Amino acid sequence: MIKMLISAVLFFGFMNCSVSAAVIKNVDFGLQADEIVITFLPLSAGEASLIQDGSGETILINTGSASSYPELKKWLQRYKVKKINQLIITKQQKYYNSNVQRAVNDYHIERIIAPAHYQAEFQTEKWKEKELFQLTDNIHVDVLHASKQKTAAMDLLFTIGEHRILYAMSSSNEVEEKFLRIPLTDVAVLKVPNFGEGAFFSNAFLKQLNTQLAVMFTKPDRSYSGQLLSNLTAEWIELYDVREGSAYSIKMSLKSYDVMKFSAK
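About the criteria used
Residues numbered from 1 in each chain as written. Predicted model: local features only at pLDDT ≥ 70, side-chain atom pairs only at ≥ 80, totals over all residues. Heavy atoms only, no water. Helix = DSSP H or I, 4+ residues; strand = E, 2+ residues; numbered from the N terminus. Rg over C-alpha atoms; globule rule 2.2 N^0.38 Å. Buried < 20%, exposed > 50% of the residue type's maximum accessible area, 1.4 Å probe, protein only. Contact = heavy atoms within 4.5 Å. Areas by Shrake-Rupley, 256 points an atom, 1.4 Å probe, with all protein chains shown as cover. Phe/Tyr/Trp six-rings, centres within 6.5 Å; stacked < 30°, edge-to-face > 60°. Lys NZ or Arg CZ within 6 Å of the ring centre and 35° of its normal. Salt bridge = Lys/Arg side-chain N within 4 Å of Asp/Glu carboxyl O. Axes fitted to C-alpha atoms, helices over the stretch in contact; angles between N-to-C directions. Left-handed = near helix turned anticlockwise from the far one by under 90°. Nonpolar A, V, L, I, M, F, W, Y, C, P; charged D, E, K, R; others polar. 1 Å grid on protein atoms, 1.4 Å probe; cavity = no way out; pocket = protein on both sides within 12 Å on 5 of 7 lines; lining within 4 Å. Points joined across faces, edges and corners; volume = space filled by probe spheres on them.

Draft legend 1. Spotlight on the overall build of the chain. Helix and strand counts for the chain stand at six helices and 18 strands. On C-alpha atoms alone, the chain measures out to a radius of gyration of 17 Å, which is about the 18 Å that the 2.2 N^0.38 rule sets for 265 residues. When the backbone C-alpha atoms are referred to their principal axes, the chain occupies close to 45 × 40 × 35 Å. Per-residue burial over the chain gives 56% buried out of 265 residues. Across the chain, every contact between residues at least 6 apart in sequence was considered, and the portion connecting residues at least 24 apart equals 63%. Carbon together with sulfur atoms contributes 47% to the accessible area of the chain, which is approximately 11,700 Å² in total.

Draft legend 2. Summary view of the packing of aromatic side chains. A complete count under the given rule lists 14 aromatic pairs for this structure. Summarising the aromatic geometry, the rings of tyrosine 240 and tyrosine 248 are spaced 4.8 Å apart at their centres and angled 75 degrees between planes, so their arrangement reads as edge-to-face. Above the plane of the ring of tryptophan 75 lies arginine 78, whose end atom (NZ or CZ) is 4.5 Å from the centre.

Draft legend 3. View of the environment of leucine 184. With respect to the element layout, leucine 184 can be found in the loop between helix H4 (173–181) and strand S14 (189–191). A relative accessible area of 1% places leucine 184 in the buried class. Expressed as a C-alpha distance, the spacing of leucine 184 and histidine 145, which sit 39 residues apart in the sequence, is 12 Å.

Draft legend 4. Quick look at the pattern of salt bridges. The final tally for this structure, using the stated rule, is ten salt bridges. The partner of glutamate 162 in a salt bridge is lysine 255, and the shortest N-O contact between them spans 2.9 Å. Pair noted here: glutamate 162 is in the loop between strand S12 (154–160) and strand S13 (163–167) and lysine 255 is in the loop between strand S17 (246–252) and strand S18 (257–263), with a separation of 93 residues, a long-range link. Here glutamate 162 matches lysine 255 in class, with each residue exposed. Between lysine 219 and glutamate 197 there is a salt bridge, with the nearest N and O atoms lying 3.0 Å from each other. Linking lysine 219 in the loop between strand S15 (213–216) and helix H6 (226–234) with glutamate 197 in the loop between S14 and helix H5 (203–209), this pair joins segments that are 22 residues apart in sequence.

Draft legend 5. Spotlight on the side chain of asparagine 97. Looking at the secondary structure, you find asparagine 97 in helix H2 (residues 94–97). Asparagine 97 has contacts with Thr63, Gly64, Ile89, Lys91, Gln92 and Tyr118, leaving out every residue within four places of it along the chain.

Draft legend 6. A look at unusual backbone geometry. A cis geometry characterises the amide bond from isoleucine 182 onward to proline 183, with omega recorded as -15 degrees. Looking at the secondary structure, you find proline 183 in the loop between H4 and S14. For asparagine 62, which is not glycine, the phi torsion reads 70 degrees and is therefore positive. Its place among the elements puts asparagine 62 in the loop between strand S6 (58–61) and helix H1 (69–78).

Draft legend 7. Structural detail: H1. Tyr69, Leu72, Trp75, Leu76 and Arg78 are the residues of H1 that are buried. The elements touched by buried residues of H1 are strand S5 (49–53), S6, helix H3 (100–107), S17 and S18. Following H1 by one or two positions, lysine 80 adopts a phi angle in the positive range, close to 60 degrees.

Draft legend 8. Geometry of the packing of H1 against H3. The N-to-C vectors of H1 and H3 enclose an angle of 30 degrees; their axes lie 11 Å apart at closest approach. Read as a crossing pair, H1 and H3 show a hand that is right-handed. From H1, Tyr69, Lys73 and Leu76 reach across to H3, where they touch Arg102, Ala103, Asp106 and Tyr107. Across the contact of H1 with H3, the residue classes tally to four nonpolar, no polar and three charged.

Draft legend 9. Local environment of the layout of surface pockets. Its volume calculated, the largest pocket comes out at about 310 Å³. Lining the largest pocket we find 16 residues, and of these His145, Ser147, Lys148, Gln149 and Ser170 sit closest to its centre. Elements with a minimum of two residues in the lining of the largest pocket: strand S11 (139–146) and H4. Considering every element that reaches the lining of the largest pocket, the biggest residue donor is H4, with three residues.

Function cannot be inferred from these measures alone, as they are strictly geometric.
What follows is the structure, given as structure tokens:
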């Protein structure tokens with residue numbers, strides 16, 4: 001059973017999940033061996049997500065834009081992160097990978113993972129489409145799609161116990177058709193691609209996913225599509241808009257999860 005610290009409210013015509021925020025200086029989840037927390041960090045420009053598990057393993061997904069690095073460091077400090085074991089870069093673009101070298105230096109990162117066509121001056125482990133990887137004892141990752149376009153990117157499916165998180169970077173008709181053929185189902189959390197801008201997944205696809213909540217990051221002058229809001233509302237998917245100085249943490253055991261909101265204000 002899913003335990004949610006949530007009350008849903010209708011906001012600007014779509015379902016936006018309102019969670020009471022705890023004001024924090026630092027967070028200690030006291031994780032058990034089979035527990036994992038994924039936190040979506042509220043950078044003013046770009047994406048960064050933090051995964052922590054009960055064994056002490058710390059994984060960072062993306063590093064945000066260059067201007068947001070001081071914010072990233074402050075949030076990592078609040079979550080008591082002194083070392084990062086693994087860094088996953090999902091897209092070669094300024095809102096995702098502008099702080100790789102600084103993060104490597106500051107947090108002694110040992111393993112950097114990137115899309116197959118990623119071009120870098122530093123050593124990376126390249127992930128290819130249809131490959132399956134194990135990040136920790138309880139975290140497995142499928143590379144569902146690897147872009148062959150000019151910008152290197154990859155769409156990932158994280159499996160944590162009975163939970164699945166679709167870390168989507170693409171939302172084209174071609175990619176959606178590929179996901180439908182897999183078929184991709186029972187996805188608890190959807191990370192919205194492209195900051196919610198441009199084309200978005202169809203109602204048919206969202207219905208197949210059976211997603212319960214979606215997470216969307218922000219950037220300057222973001223303008224999310226009306227299709228996104230309409231489709232999420234139609235499928236009763238709760239939206240967490242990570243943009244106002246509050247981080248959303250999802251604490252998962254193998255069978256259940258809780259959603260928490262932490263504010264630095």
